[in-house]
Amino acid sequence: MTRTAFFKLCTLLDSQLAPSSKNTRGDVITVKEKVMVALRFFSGASYLDLIRKHGISKPGIYKVILQVTKAINTNPSIGKQTHFPSSTDSCETYAKGWAS
């Protein structure tokens, strides 16, 4: 993922992942850090590596991953898909559209 694509993703997810002023426990993990943690996990990093790198507890790591996953799945700007392609041709067409 390019730096530009990463920051675009952070911008798209900002409203869903930004720390809330209503949170009395002090959610201080930034959107950028949440997206970094999730992307590293999705690419195969161990939660142990993420704990060491970001200083977040094990439950915190999984909470962040769930938050980012939910934000991506519900964000219409990212390409929310209500039905998945069922043939090779429709998969290729969807992939080309996503790439552009």
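The rules behind these values
- Residue positions within a chain follow its written sequence, with the count starting from 1.
- Only residues with pLDDT of at least 70 get local features here, since the model is predicted, and only at 80 or more are side-chain atom pairs given and counted; chain-wide, interface and lining totals rely on the full set of residues.
- As a rule here, side-chain values cover all heavy atoms of the structure and leave hydrogens and water aside.
- The way it works is that DSSP assigns letters per residue, a run of H or I at least four long becomes a helix, a run of E at least two long becomes a strand, and they are numbered from the N terminus.
- Three exposure classes are used, based on accessible area relative to the maximum for each residue type with a 1.4 Å probe and protein chains only: buried under 20%, partly exposed in between, and exposed over 50%.
- Throughout, a residue-residue contact means that at least one pair of heavy atoms, one from each residue, lies within 4.5 Å.
- What counts as a ring pair is set by centres within 6.5 Å for rings of Phe, Tyr and Trp (its six-membered ring), and what kind of pair is set by the plane angle: stacked under 30 degrees, edge-to-face over 60, tilted for all other angles.

Enquirer: Would you take a moment to explain the environment of Val68 for this structure?
Expert: Inspection of the secondary structure puts Val68 in helix H4 (residues 58-74). Overall, Val68 belongs to the buried group, its relative accessible area being 2%. In sequence terms Val68 and Val31 are 37 residues apart; their C-alpha atoms lie 9.1 Å from each other. Setting aside anything within four residues of it in sequence, one finds Val68 in contact with Leu13, Leu17, Lys34, Val35 and Ala38.

Enquirer: Just to check I follow, could you spell out the packing of aromatic side chains for this structure?
Expert: Aromatic rings considered in pairs are described by the distance between their centres and by the relative angle of their planes. Under the criterion given, the structure shown has 3 aromatic pairs. Between Phe6 and Phe7, the aromatic rings sit 5.3 Å apart at their centres with planes inclined by 75°, giving edge-to-face as the arrangement. Looking at Phe7, the relative accessible area reads 34%, which means it is partly exposed. Summarising the aromatic geometry, the rings of Tyr47 and Tyr62 are spaced 6.0 Å apart at their centres and angled 45° between planes, so their arrangement reads as tilted. Taken together, the positions of Tyr47 in helix H3 (residues 47-54) and Tyr62 in helix H4 put the pair 15 residues apart, joining distant regions of the chain. With a relative accessible area of 24%, Tyr47 lands in the partly exposed category. Here the aromatic cluster, defined as three or more aromatic residues joined through ring pairs, consists of Phe41, Tyr47 and Tyr62.

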